[in-house]
Amino acid sequence: MGKLQEFEIKFDNNKVVYTPGESISGTVRFKLGQPLQCKAIKVNCNGFCGITSKINETAWSEEEQYFNNTISVADKGTLIQGEQTYPFKFLIPASAPTSFEGNYGRIIYRVRAFIDTPRFAKDYNTEKPFYLLSLLNLNEVPDIWGSCSSAVTQQFTYMLMKTGTVVMKAQTDMKGYTPGQIIQVLTNIHNQSGKTTGNMAASLMQRVTYETKRPTYDVRTIASVEGGVVKAGKELEWKEQIIVPPLPQSSLAGCELIKIEYYIKVGLKSPDVMVTLPIHIGNVSLDKKLQPCNKAAAPSSATAEDKPASASMPDTTIATTPTPTLPPRPGPKPAPRPIPRSRTSSHNSPSAPSADYHQGAEGGTLMNDGFPNKRQSQLVSPHAFSYAPGLFFPHNQQPSGPSTVPCGPMFSGSTGATAPYPTENSASSMPTPLILPPDYVTSAYPQEAPPSYDATCNT
C-alpha cells in the first residue's frame, strides 16, 4: 500500500456549511505504513469564483479570488509509522459570497492539505470542500413591499387579412419569496379580436449572467403552470399559483462575475403576447410587521373633510327646526344634500376606472364562456437548479396551514420543497432528501437575454 496508507481532512462536528465571518476548524489525519521524511505539512483554505464560456470547463476564462490562507502544522523532520493527527483553524472573511455551482461558473471553497517531501520523492495532498451561505433577508431588500404588475397591448394579424388586439395585465401578490412559499399570479386578458387565443401559461424563470468578455446568459424555466383559452371578444381573469422550489438566492453579494435574477413570465401560446414580473428569492421571508405604513395620513384627511360638514350642521339644524327647545333632535328634514342623481345625468354618474386600473374583478363582469381555467400540476424542470452541493437554505418564517393567505408564511411541514439539504444542529427540523447538482450534459446552449423588465411595482 506504500508509505502513506490514509490521508484525510475532517471538519469539527462534521460541519460542511458555514457563514461568512465564521471560523472553520478541523484536523488533518494520516496513517503511515513506514517512516516518511518530510519538509513540512501545510494546510490551505481558499475560496474563489471561476467562469467560462463553455459548459463544465475547468480552465476558467475569468477568476476572482476571495481568500487564500496557508498554515504549517508540522516542520521538517521524520514522520513516524502509524496514525497522526494535526489540528487547523481558519477565519472565513465576512465579505465572501454564497457558494454557487452553475453551467458556466462556480464559487468554490475548500481546505487542502500537503505533505512536502524531499527532492525527487513523491508529494502527497488531499482536499475537502465546504460551503458558505450568506443569508438574504428579503426585509432588507430596497423597494420590496407591495405587488409587482405589468401590462401589454399586442396587435396581431390572423387569416392573412384580419387584425386583432389582445390586452394582458398580470401581477404577483409580493415581490419576494423563499423556497416553499407560493407565488400568487393574477392575470387579466381581454381578447379584442375575432380569434380564440391559445392556452395561457405562467412560468418561474431563472437567468444567470456570467460576466465574461461577452456575457453569457443561462436562462432556465424553473416551474410552469398552464391555463385555458380566451374566446374571441371575451375577457378572462386567471388566477394561478407557483410553489417556489429549493433555489439559490437572488443576490450573490461579494461576487462580481455571476449575477442571478428571477422573474415570472406570463403569456399566451398564440398570439405571441408576454409580460415579465421580476421577483426576489431569499432565505428570510418578508415579515408584514416590518412593512412601512404609508396610509397614516388617510384618517386625518378624512377627518378634515368631515369637519366642515359637522360645523355647518348646527346652523342648518336651527334654520330647519321649528322648535328651538329641542336642539339635540334633528328636524323633520335633514341637512341639505345633493339632489338624487338621475340615470340620464352623465355628469353626476360615478367615473369609470382609469385605463391602468389592474383589479379586473371590480372593473366589470368577466366572461369565461365555457372555457374554464385549466388547473394543472406544477411542472418543475429537472435541470433547473444551480446551487452548490451541501448548501442549505434555512427559513425562519413561521409555518402555517395549507390555507395560508397568499402573502403569508410558507406551509407547515414543507420539507419536500424547502432546502436541498437538512438543517444542521436542529433537532426539531425534519430531514430533507439530498438533491444533487443538475446533470449539465443535457443542458442546452445558453439563451439570449429575455426582454427587459418593464414591470411596475405597486406599493
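Predicted, not measured: the structure shown is a model, and the values here were computed from it.

**Details of the overall build of the protein chain**
In terms of regular secondary structure, the protein chain is built from one helix and 22 strands. Put simply, the protein chain has 459 residues, and 41% of those count as buried. Within the protein chain, contacts between residues at least 6 apart in sequence are counted, and of these 74% link residues at least 24 apart. Element-wise, carbon and sulfur atoms account for 53% of the exposed surface of the protein chain, whose accessible area totals about 25100 Å².

**A short note on the pattern of salt bridges**
Working definition: two side chains of opposite charge can pair if their charged atoms are close together. If you walk through the whole model with that rule in mind, you get 11 salt bridges. Of the charged contacts, one joins Arg110 and Glu127 as a salt bridge, the two residues approaching to 3.8 Å between their closest N and O atoms. Taken together, the residues span a long stretch of sequence, with Arg110 in strand E10 (residues 105-116) and Glu127 in strand E11 (residues 124-132) at a distance of 17 residues. Sharing partners across several salt bridges, the network here consists of Glu6, Glu8, Arg29 and Glu83.

**Some thoughts on the sheet that holds strand E3 (residues 23-32)**
Where strands meet in a sheet, backbone hydrogen bonds hold them as pairs that are either parallel or antiparallel. Sheet architecture is open: three strands sit in the order E1-E3-E8, paired in antiparallel fashion. A strand with exactly one partner marks an edge of an open sheet, and here the two such strands are strand E1 (4-11) and strand E8 (82-91). Between one strand axis and the next, the sheet turns through 15° on average, direction left out of account. Where E1 and E3 come together, seven bridges link them in antiparallel fashion. When the sheet's bridge partners are listed, Phe11 is paired in E3 with Gly26.

**Regarding the pairing of strand E19 (residues 258-268)**
With respect to burial, E19 is a largely interior element, nine of its 11 residues being buried. Pairing of strand E16 (residues 200-210) with E19 involves 11 bridges; the strand directions are antiparallel. Along E19, the bridge assignment pairs Tyr210 with Ile258. Where E19 and strand E20 (residues 273-281) come together, seven bridges link them in antiparallel fashion. In the sheet register, Tyr263 faces E20, and the bridge partner there is Pro278. As consecutive antiparallel partners, E19 and E20 are separated by four residues.

**Quick notes on the confidence of the model for the protein chain**
Summarising the model, the protein chain shows a mean pLDDT of 73, and 63% of its residues fall at 70 or more. When the criterion is pLDDT under 50, residues 334-377 qualifies, and its contacts beyond four places in sequence or with other chains add up to 48 contacts. Here residues 381-454 is modelled with pLDDT under 50, and outside its nearest four sequence neighbours on either side it reaches 176 contacts, counting other chains as well.

**A word on the environment of Pro271**
Tracing the sequence through the fold places Pro271 in the loop between E19 and E20. What makes Pro271 buried here is its relative accessible area of 13%. Measuring from C-alpha to C-alpha, the distance between Pro271 and Thr157 comes to 8.9 Å, with 114 residues separating the pair along the chain. When residues no more than four places from it in sequence are discounted, the contact partners of Pro271 are Phe156, Val166 and Thr197.

**Things to note about the packing of aromatic side chains**
Under the defined criterion, the tally for this structure stands at 11 aromatic pairs. With a centroid separation of 5.8 Å and an interplanar angle of 20°, the aromatic rings of Phe67 and Tyr109 are classed as stacked. A residue pair is termed long-range when its members are at least 10 positions apart, and Phe67 in strand E6 (residues 62-74) and Tyr109 in strand E10 qualify at 42 residues. The burial state of Phe67 is the same as that of Tyr109; both residues are buried. Each member of the aromatic cluster is reached from another via a ring pair, and the members are Phe11, Tyr18, Tyr66, Phe67, Tyr109 and Phe130. Across from the ring centre of Phe11, 5.0 Å away, lies the NZ or CZ of Lys128, which sits over that ring.

**Remarks on the nonpolar core**
Of all hydrophobic cores here, the largest spans 80 residues; its most connected members are Ile115, Phe130 and Ile258. No other element matches the six residues that E19 contributes to this core. In this structure Ile258 touches Cys49, Ile51, Phe100, Gly105, Arg106, Ile107, Val208, Thr209, Tyr210 and Leu252, once residues within four positions along its chain are discounted.

**Some details on the pairing of strand E5 (residues 40-51)**
When you tally the buried positions in E5, you get 11 out of 12 residues, the bulk of the element. Relative to E10, E5 runs antiparallel, the two being bridged by 12 bridges. Within the sheet, the bridge partner assigned to Gly47 lies in E10 and is Tyr109.

Basis of the calculations
- Every residue gets a number counted from 1 within its own chain, in the order that chain's sequence is written.
- Predicted model: local features are reported for residues with pLDDT of at least 70 only, side-chain atom pairs are reported and counted for 80 or more only, and whole-chain, interface and lining totals are derived from all residues.
- In computing side-chain values, all of the structure's heavy atoms are included and hydrogens and water are not.
- The way it works is that DSSP assigns letters per residue, a run of H or I at least four long becomes a helix, a run of E at least two long becomes a strand, and they are numbered from the N terminus.
- Each residue is placed in one exposure class: buried if its accessible area under a 1.4 Å probe, protein chains only, is under 20% of its type's maximum, exposed if it is over 50%, and partly exposed if it falls in between.
- Here, residues are in contact when the closest pair of their heavy atoms is within 4.5 Å.
- The accessible surface values rely on the Shrake-Rupley method and a 1.4 Å probe; as for residues, cover is taken only from the protein chains in view.
- By convention in these notes, a salt bridge is any Lys or Arg side-chain nitrogen within 4 Å of a carboxyl oxygen on Asp or Glu.
- Paired strands, as defined in this entry, are two strands with at least two bridges between them according to DSSP.
- Axis lines are fitted through C-alpha atoms, for helices just across the contact stretch, and the angle between N-to-C directions can take any value from 0 to 180 degrees.
- Confidence scores per residue from the predictor, reported as pLDDT, run from 0 to 100.
- Each Phe, Tyr or Trp ring (for Trp, its six-membered ring) is paired with any other whose centre lies within 6.5 Å, and the angle between the two planes then decides the class: stacked below 30 degrees, edge-to-face above 60, tilted in between.
- Here, a charge over a ring means that NZ of Lys or CZ of Arg falls within 6 Å of the ring centre while also lying within 35 degrees of the ring normal.
- Nine residue types can take part in a nonpolar core, namely buried Ala, Val, Leu, Ile, Met, Phe, Trp, Tyr and Cys, and a core is a set of them joined through side-chain atoms within 4.5 Å.

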